[in-house]
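The chain contents come next:
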Amino acid sequence: MPLAYKVRRIDFGDGEKDAMSIPWGDVSTAYHTTGIPNIEVFIPGSPRMITSAKRANYIRPLLGISLAQKLIKARIAKTVKGPDEAQRAQMPTFVWGEATNARGQRKTARIRTANGYSLTVTGSLAVIEHLMTNTPAGGAYTPSKLVGADLVTRLPDSGQLQIS
């Protein structure tokens, strides 16, 4: 799927804003967890960011070239720094989901969690803790299939899943 293939207004839980579709690896785990075959991922973005993403689709094939990847990774290493702990504490993540069945009935889910960096750490530790006290049957698992669909609601700074 190209960047910004779809653009729409979404209230992720902190007010309505422009959002664009993106290709995202988690779509695979989402399918294996839910069985829903046509999942799309949206992130909020300013009009300028969305326009830039659409333009970037023209050069995306070049990003597969190893020299281009090497240059981009070097620039990122020099210029991009993640937020520190204090900044992360002030930057919660708002997650939104929408499902529509064959009859056209729609449900929306929202949850506020810790910043994505912090959520990754606490989520990983929760999975490790679970594995230290439980021995699952062999095979591959998504986090929610392994630990439970409510895992995210049990992590620090996460709210309850709200469905409407």
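Here the residue numbers are simple positions, counted from 1 along each chain's written sequence. In view of the model being predicted, local features appear only for residues whose pLDDT reaches at least 70, and side-chain atom pairs are presented and counted only at 80 or more, with totals across whole chains, interfaces and linings using the full set of residues. With hydrogens and water set aside, each side-chain value is computed from the structure's full complement of heavy atoms.

### As for the overall build of the chain
In DSSP terms, a helix is any run of H or I states spanning at least four residues, a strand is any run of E spanning at least two, and both are numbered starting from the N terminus. For the chain, the count of helices and strands is 7 helices and 6 strands. Starting at the N terminus and walking to the C terminus, you meet the elements of the chain as β-β-α-β-α-α-α-β-β-α-α-α-β. Dimensions of the chain, computed from C-alpha atoms along their principal axes, come out at roughly 45 × 45 × 35 Å. Only protein chains enter the calculation, and the probe is 1.4 Å; a residue is then buried if its accessible area is under 20% of its type maximum, exposed if over 50%, and partly exposed in between. Here the chain, with 164 residues, has 19% of them falling under the buried criterion. By definition in these notes, contact holds between two residues if any of their heavy atoms fall within 4.5 Å. Long-range pairs, those at least 24 residues apart, make up 52% of the contacts in the chain between residues at least 6 apart in sequence. A total accessible area of about 11900 Å² is found for the chain, and carbon and sulfur atoms account for 58% of it. Throughout, the Shrake-Rupley method with a 1.4 Å probe supplies accessible areas, and for residues the shown protein chains are the sole cover considered.

### Description of the packing of aromatic side chains
For any pair of aromatic rings, the description consists of the separation of the ring centres together with the inter-plane angle of the planes. Working definition: a ring pair exists when centres of Phe, Tyr or Trp rings (six-membered ring for Trp) sit within 6.5 Å. Plane angles under 30 degrees give stacked, over 60 give edge-to-face, the rest tilted. One pass over the full model with this rule turns up 2 aromatic pairs. Ring centres 6.0 Å apart and planes at 70° place the aromatic pair Phe12 and Trp96 in the edge-to-face group. Here Phe12, found in the loop between β1 (7–11) and β2 (16–22), pairs with Trp96, found in strand β4 (residues 93–100); they are 84 residues apart in sequence, far enough to count as distant. When its relative accessible area of 4% is taken as the criterion, Phe12 is described as buried. Between the aromatic rings of Phe42 and Trp96, the centroid separation amounts to 6.4 Å while the plane-to-plane angle is 85°, which identifies the pairing as edge-to-face. Linking Phe42 in strand β3 (residues 41–44) with Trp96 in strand β4, this pair joins segments that are 54 residues apart in sequence. As far as burial versus exposure is concerned, Phe42 and Trp96 are alike and both buried. These aromatic residues form a ring-pair network of at least three members: Phe12, Phe42 and Trp96.

### Concerning the pairing of strand β5 (residues 106–113)
Where β4 and β5 come together, 8 bridges link them in antiparallel fashion. Pairing of Val95 across the sheet is with Ile111, part of β5. Hairpin remark: β4 followed by β5, antiparallel, with 5 residues in the connecting loop; positive phi at Gly104, about 90°. DSSP bridges decide pairing: two strands pair if at least two such bridges lie between them. With 2 bridges joining them, β5 and strand β6 (residues 162–163) adopt antiparallel strand pairing. Residue Arg110 lies in a different strand from β6, and its bridge partner there is Gln162.

### Topic: the sheet that holds β5
Strand order in the open sheet formed by 3 strands is β4-β5-β6, with antiparallel pairing between adjacent strands. Where the open sheet ends on each side, the last strands, each with one partner, are β4 and β6.

### Digging into the environment of Val95
As for its position among the elements, Val95 is in strand β4. Judged by relative accessible area, Val95 falls into the partly exposed class, the value being 38%. Spatially, the C-alpha atom of Val95 lies 25 Å from that of Asn57, the residues being 38 residues apart in sequence. Non-local contacts of Val95, meaning those with residues more than four positions away in its chain, are made with Phe12, Ala109, Arg110 and Ile111.

### Things to note about the sheet that holds β1
Here we have 3 strands laid out as an open sheet, ordered β1-β2-β3, and antiparallel in their pairing. Strands with a single pairing partner mark the edges of an open sheet, and in this sheet they are β1 and β3. Averaged over all adjacent pairs, the angle separating strand axes in this sheet is 45°, with direction ignored. Bridge count between β1 and β2: 5 bridges; the pairing is antiparallel. Opposite Val7, over in β2, you have Met20 as the bridge partner. Orientation is described by lines fitted to C-alpha atoms, with helices fitted over the stretch in contact, and by angles between N-to-C directions that extend from 0 to 180 degrees.

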